[in-house]
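Residue strings, one per chain:
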Amino acid sequence: MISVCFGLNAQQTDTLSAASVSTYKVLPVVKPSEQVAFLPRQVRPSSQVSELLRRFTGVQVKDYGGVGGLKTINVRSLGSEHVGVFLDGIQVDNAQNMQVDLGRFSADGLSAVALYNAQKTQRLQTAKEYAAGAAVHLSLENPLLIWGESAGRVRLRAGSFGTVNPSLQWDHRLGGVMMRVGAEFLASNGKYKYDYFGTPLTRENGDITSGRLDVRLSGTILGGKWSLMLYGYGSERGFPGPVIRRSPEYPFSAERQADRDIFAQGGWTKDWNDFYSTALRFKYSNNYIHYNAHPEKNPMALPYNLHYLQQSAYVSVAQSLGITDFWSVDLSTDFQFNTLDSDVGQFVKPRRAAFTGALATLLTWSKFRAEAHIAYAGAWDWFLQHSAGGWSREDTFRDEWMPSLSLFFAPARWLEIDAFAKRTYRLPTFNDLYYSLVGNSALVPESAAQLGVDIRMSDRAGALDWEARLSPYFNHVDDKIVAIPTASQFRWTMLNIGKVDITGLDVKFKAGRDLGFADRRADMTLRYTFQSALDHSTPGSLTWGNQIPYIPLHSGGVNLSLQWERLTFSWDTTVTGERWSRTANTDDYRIAPWSLSDASIARRFLLEGLVNGSSRGFMPELSLGVNFNNIFNQSYQVVQGYPMPGFNVMLSAEFYW
Amino acid sequence: MLLLCGVLFLGACQKINYREEPSKDEELTGVKVDVSAFSGAARKLFVLNEGQMGSNNASLDFLRFPFGLYISDAFAKMNPSVGAGLGDVGNDIALIGDELWIAVNNSGIVEVISPYDEIEVAAISVPSPRFIATDGKYAYVTSWAGAYMDYSTFEGSNPKGQVYKIDLKTKKVEGSVEVGYQPEGIAYYNGKLYVANSGGLASMLPPTYSYDDTVSIIDVASFKVTSTVQVQINLKNLYSDGKGNIYVTTLGNYGDVHSGLYTFNVSNPTSVSLISNYVSVPAVYGDTVYCIGTETEFDWSAAHEYNLWGAKDGKKALGIPLDLSGITPYSFFVLEQNTFFIGDAGDYVNPGTLNCFHGGNKLWSVQSGVCPGHFVVY
């Protein structure tokens, strides 16, 4: 909903803050396909990033329901493994399954959430940014300090499902170093009513308790800018399980998971002169999971009580050379090392060393711009334990070249056209290769070829402004990695047998009107996505030519928002057309269309009386808000077997000082 | 499918009393298939589709012989009051007397229906039921979960499975006995139950990280395990030939231990012999165990060439030419000499196919539910 009202702000994040203003440094070749940007102190419509992404065109968020349920993103039917999620330019990755749970990311502390289908054209990107099929960029908000020594915010959010979500943010200046400390706690019982084959039941074992603590530091050293982020997250949650027939004598699920994510990431960027710049970035992450099916509480559970530890070390060096004021060349080189350990039986302890490199060039004039790059990814996979369970794994090296071309043309002031062609690959995950599987060392990376055009029009006439975007595209996924069970349901193998052809169209129209004053404004957004994502794996098979699972042919929505001085109101309706939970598009697996409507109201109160002598950039302020979700109490499922909550309310109060 | 084994033998000596009044399921429509080549002894061939775990899409199809109609999802159609359908993962189906018993694994239910009109008779709670056998008085159901009820036995160790005993008349669980890890196939012969233990989960879990390799022998009168026979790791299907020979298949370990068919005689259970390796899907008919297998079973990089052979009186008896090109057998049923049904699960998440072979040739194939896995004839 925010995407509407803050279009102005969006443009700020397109540009770079580099001191010199060469064309190549400030003009993007492609703009984000979708973006939500927040003004300082703006009330976030939801605490979860997944809730923002859900309203982007071309995007499906797979949601298993509830506050603690897994939420992953799929862009233009490519599959979530092809979507890179980048936090402050550094990838949030998961070598085990390449699924990034967006429900764990708080919109707190972010200044923007942007989706790029074509290559983001910023200088000094990491090589992994070039290697992603589509990219979600989460931009961190800078500390809200202009003149003062410190500032902060406390927020309390509470509401349905016994949800309590307090958070604290504190900005402080330590000499030349800016510091932001964030802390957040979340507890929710996850209980909500759902329809169990005609009988109303309450979802059980969906509770979650989580905590987050992070510290960000930034400053200047040796003539360059540095930043460092230390992040810790822990949660303990239940998995309610799919809705299936179950004897009333046994519970649906007693599965619990406790996890802990720790990472440290940072970087140093320096413009050595007007032509040459470098960026050095690094990350270390350590993720621990304890999964317990609790068979002593549920006789239907399998007796799993397992621990996983995943670690990753990552270094990136990016260099940018401005050859003329319209032509630049970038070279990025990344190296990463991943490990996965577990007490699962016959666990081979996979290790991966991966190199990613990208050579990019950028030509930028005001009306015509071009970006081309070639990325290379090579990964060595090996095992600390080669032979386990009677079969041995081969060390394997896999590599691929990934070319891309993006063009921009602005034939008129009101018209911009950009086009891109891109081929990317996703490596097999550790799960694909080694975990509880009969290994297949012949597995090759899954490829995604994308061809897309964005046509953007915009104009302003007096108090009225509008913009429209029309984005047709064609994607082809080949060598799709598909799991096939062997004779035992516990032993699967992976094969490169899938092919998918995707033809799609994203349409977006926004219009806004100033209502007399700058702080009175009404906006409307209409969005529509068409996706024909057809299985072309096996000619003559039952599924040939059918729509792949969970992709609606038609989806869209409408968003209305009104700002009246310090009061904002917004309404959002999302409509998802019919889908199928599997490629056999039969009635048994049809998921009926559904629509979801949410509304929010927020009011800011400037507390002028609290201003003391010290002059600071911002005045103390209180914001009160309420969100009404699923207003019409629709009963729906995003993923078959996982019912979503009905009508629910979330209240929030924020105090800034 | 082994259930058949245990049951078929009874079936052979039992005379089925078909009810003659019109069945309520006669209005069900289906796909016409050619059954003119078969003898007319049977009314229906039931096909239990396992479904995909967690998707609640187990289903029951049947082929109605007099009309040559293949009818899908009969349980849900005939039992609309059971809103949830058959349930999650249909693991076994057995004809016991004039009832069909179906183990619905991840629902924790043994569903009893009438084979006459597919209408529910009873739904019995059994945790994680796997396979069914009977001695004519009780049904015996292997279960992966029995021991989990006792917390004290779980801490630090992987619990063993159970065999549940259910009264055929009252449909009440009358007790259970502990067997090996993750028991699968079960058959009754001459006062004893023979149970194949797999250890399919135990192989991945502490403390042993190893498969089970035993057959548990239960004395029915005392309902106690009287002896345990070591066979091979990861046992799956178990059949009695009604003449004192027990046959048991192993899935192997997907690496250096191949699948195979083993046998022993009840008079000397410790003397186990390997009949042949490479058993992907077995079936029993009369006193013969039929197997379809491939030597390249653990190599998934290329298509397999499958062979059909039989075993009788404890020995490999015959190779049968059958053109299985284009089919990946997931399940197997022998209707009569030279008439075979082979289920193909396709990609395992979408509906599969049922292929009918007669006289060495494929007659037809029809779309089944997801993972057509188990058969019984009525």
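Residues numbered from 1 in each chain as written. Chains lettered and ligands numbered in written order. Predicted model: local features only at pLDDT ≥ 70, side-chain atom pairs only at ≥ 80, totals over all residues.

**Looking at the overall build of chain A**
Helices and strands together make up the secondary structure of chain A, namely six helices and 38 strands. A globule of 657 residues ought to have a C-alpha radius of gyration of about 26 Å, and chain A, at 25 Å, matches this closely. If one aligns the C-alpha atoms of chain A with their principal axes, the spans along those axes are about 70 × 55 × 50 Å. Buried residues in chain A amount to 45% of all 657 residues. In chain A, the share of contacts with a sequence separation of at least 24, taken over all contacts with a separation of at least 6, comes to 65%. (Helix = DSSP H or I, 4+ residues; strand = E, 2+ residues; numbered from the N terminus. Rg over C-alpha atoms; globule rule 2.2 N^0.38 Å. Buried ≥ 20, exposed ≤ 12 C-beta atoms within 10 Å, placed from the backbone. Contact = placed C-beta atoms within 7 Å.)

**Notes on the overall build of chain B**
Scanning chain B for helices and strands turns up three helices and 29 strands. Against the 2.2 N^0.38 benchmark of 21 Å for 378 residues, chain B shows a C-alpha radius of gyration of 19 Å, consistent with a compact globule. In chain B, buried positions account for 54% of the 378 residues. Across chain B, every contact between residues at least 6 apart in sequence was considered, and the portion connecting residues at least 24 apart equals 49%.

**Some words on the environment of Leu322(B)**
All names here are of chain B. The residue Leu-322 is located in the loop between strand E24 (315-320) and strand E25 (329-336) in this model. With 17 C-beta atoms packed within 10 Å, Leu-322 lands in the partly exposed category. In this structure, the C-alpha to C-alpha distance between Leu-322 and His-358, residues 36 residues apart in sequence, is 9.4 Å. Leaving out residues up to four positions away in the same chain, Leu-322 has contacts with Leu-308, Phe-357 and Gly-360.

**Side note on the sheet that holds strand E2 (residues 44-49) of chain B**
As a general point, the strands of a sheet are linked pairwise by backbone hydrogen bonds and lie either parallel or antiparallel. All names here are of chain B. Spatially, E1-E4-E3-E2-E29 is the arrangement adopted by the five strands of the open sheet, whose pairing is antiparallel. The open sheet has two free edges, formed respectively by strand E1 (31-32) and strand E29 (372-377), since each of these has just one partner strand. Summarising the sheet, E2 and strand E3 (residues 59-64) pair through six bridges and their orientation is antiparallel. Across the sheet, the residue bridging to Leu-45 is Leu-63, located in E3. (Pairing = 2+ DSSP bridges.)

**Looking at the pairing of strand E15 (residues 214-219) of chain B**
Sheet topology places strand E14 (residues 192-197) of chain B next to E15(B); five bridges connect them, and they run antiparallel. Looking at the pairing, Val195(B) lines up with Ser216(B) of E15(B).

**Regarding the pairing of strand E2 (residues 59-63) of chain A**
All names here are of chain A. With four of its five residues buried, E2 lies for the most part within the structure. Pairing analysis gives five bridges linking E2 to strand E3 (residues 71-75), with the strands arranged antiparallel. Residue pairing in the sheet places Asp-63 in a bridge with Lys-71 of E3.

**Section: the sheet that holds strand E12 (residues 173-178) of chain B**
Residue and element names in this part refer to chain B. If you walk across this open sheet you meet the four strands as E9-E10-E11-E12, and the pairing is antiparallel. The open sheet has two edge strands, strand E9 (129-134) and E12, and neither has a second partner. Adjacent strand axes in the sheet meet at a mean angle of 25 degrees, parallel and antiparallel pairs treated alike. As paired elements, strand E11 (residues 162-167) and E12 share five bridges and run antiparallel to each other. Bridge pairing links Gln-162 to Glu-178 in E12. (Axes fitted to C-alpha atoms, helices over the stretch in contact; angles between N-to-C directions.)

**Let's talk about the confidence of the model for chain A**
With 92% of its residues at a pLDDT of 70 or more, chain A has an overall mean of 88. Across residues 1-20 of chain A, where pLDDT falls below 50, the model places 44 contacts with residues more than four positions away in sequence or in other chains. (pLDDT = per-residue confidence, 0-100.)

**Some points on the environment of Arg245(A)**
Topologically, Arg245(A) is positioned in the loop between strand E14 (224-238) and strand E15 (256-271). Not counting residues up to four positions away in its chain, the partners in contact with Arg245(A) are Asn56(B), Ala84(B), Gly85(B), Gly87(B), Asp88(B), Ser107(B) and Ile109(B).

**A look at unusual backbone geometry**
Glycine aside, residues mostly have negative phi, and peptide bonds are mostly found in the trans state. All names here are of chain A. Phi is positive for Asp-88, close to 55 degrees, though the residue is something other than glycine. When you line up the elements, Asp-88 lands in the loop between strand E4 (83-87) and strand E5 (90-91). Here Asp-88 falls in the partly exposed class, since 17 other C-beta atoms lie within 10 Å of it. Phi at Phe-197 is positive, roughly 45 degrees, even though this residue is not glycine. Mapped onto the elements, Phe-197 comes out in the loop between strand E11 (193-196) and strand E12 (199-202). Exposure remark for Phe-197: the 13 C-beta atoms within 10 Å place this residue in the partly exposed category.

**With respect to the environment of Leu78(A)**
Residue and element names in this part refer to chain A. Checked against the element boundaries, Leu-78 lands in the loop between E3 and E4. Given 23 C-beta atoms within a 10 Å radius, Leu-78 is considered buried. Sequence-distant contacts of Leu-78, that is, excluding residues within four places in its chain, are made with Gly-133, Ala-134, Ala-448, Asn-475 and Val-477.

**Things to note about the confidence of the model for chain B**
All names here are of chain B. Taken residue by residue, chain B gives an average pLDDT of 89. The fraction at 70 or more is 91%. Here residues 1-15 is a poorly scored stretch, pLDDT under 50, and it has 40 contacts once near neighbours within four places are set aside; other chains count. Contacts for the low-pLDDT stretch residues 149-154, under 50 throughout, to residues beyond four places or in other chains number nine contacts. This prediction of the complex comes with two scores: 0.90 for pTM and 0.91 for ipTM.

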